[in-house]
Amino acid sequence: EIINKKIIFCPCTFADEDSFYPLEKTIDLFFAGADQPSRLEILSAAGYYSNKLGLNAKFNLHKEKTIGRYKPINKYAYIDYLRRSRSVINISMKGTKINGKAIHMINGRVTDVFLSGALLIQYQPDDDETLTLDQYFTPNIDYLTFSSRKQLYDIIKMLKNDTDTIHSIALNGRKKCMYKYSAKKVWQSVLN
């Protein structure tokens, strides 16, 4: 109880926000992360839909402690890919427990995506209410969620056919992140 009163959680990046300043968007759909079995079905579908619609998708999959084609990209390449991406799929893992219940973590990719001006496409299973991202950002205003392949297909189709809406949602997420959750804002609140 004493420790919890001293903990402040805020989704922010501790990198220089200028590092994420958006560049020309040449990648339609991006993902970077470990190739866990639960993610592969989603990413296979995303790759198939993107290819079918003629979109440029880039997925960087890696395994820990593996060298070669699965080697993770370095942080500079990762940031560059984000800055050039119109949208990014995020599939967070259940990484901690609260009151004995496993919950999804809000990972650093969330703010990285927002700061880069890309649309966050967040996986959130229908039967799982543990993702707390909506406590900080507003679904369908700041980012989009999907829980099925059909919903993912509809979002990817929007990337092709409704670029104004995609750009508007991405811009909303970036503005909110810069206004409320930039490293500067968070550190100011901590020091105050």
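Residues numbered from 1 in each chain as written. Predicted model: local features only at pLDDT ≥ 70, side-chain atom pairs only at ≥ 80, totals over all residues. Heavy atoms only, no water.

Topic: the environment of Y153
Counting through the fold element by element, Y153 comes out in helix α5 (residues 149-161). As a C-alpha pair, Y153 and S50 span 103 residues in sequence and 8.6 Å in three-dimensional space. The contact partners of Y153, leaving out residues within four places of it in the chain, are Y49, K52 and L53. (Helix = DSSP H or I, 4+ residues; strand = E, 2+ residues; numbered from the N terminus. Contact = heavy atoms within 4.5 Å.)

A short note on the pairing of strand β6 (residues 119-123)
Across the five residues that make up β6, a large majority, four, are buried. Examined bridge by bridge, strand β3 (residues 87-90) and β6 share four bridges and lie parallel to one another. When the sheet's bridge partners are listed, I89 is paired in β6 with I121. Sheet topology note: the β6/strand β7 (residues 144-146) ladder contains three bridges and is parallel. (Buried < 20%, exposed > 50% of the residue type's maximum accessible area, 1.4 Å probe, protein only. Pairing = 2+ DSSP bridges.)

Observations regarding the packing of α5 against helix α6 (residues 163-180)
Following both chains from N to C, one finds α5 and α6 inclined at 105°, their axes separated by 6 Å at the closest point. Classified by the interaxial angle, the pair formed by α5 and α6 is roughly perpendicular. Contacts between α5 and α6 involve M158, L159, K160 and N161 on the former and, on the latter, T163, T165 and I166. Counted by class, the contact of α5 with α6 contains three nonpolar, three polar and one charged residues. (Axes fitted to C-alpha atoms, helices over the stretch in contact; angles between N-to-C directions. Parallel < 35°, antiparallel > 145°, perpendicular 65-115°, else oblique. Nonpolar A, V, L, I, M, F, W, Y, C, P; charged D, E, K, R; others polar.)

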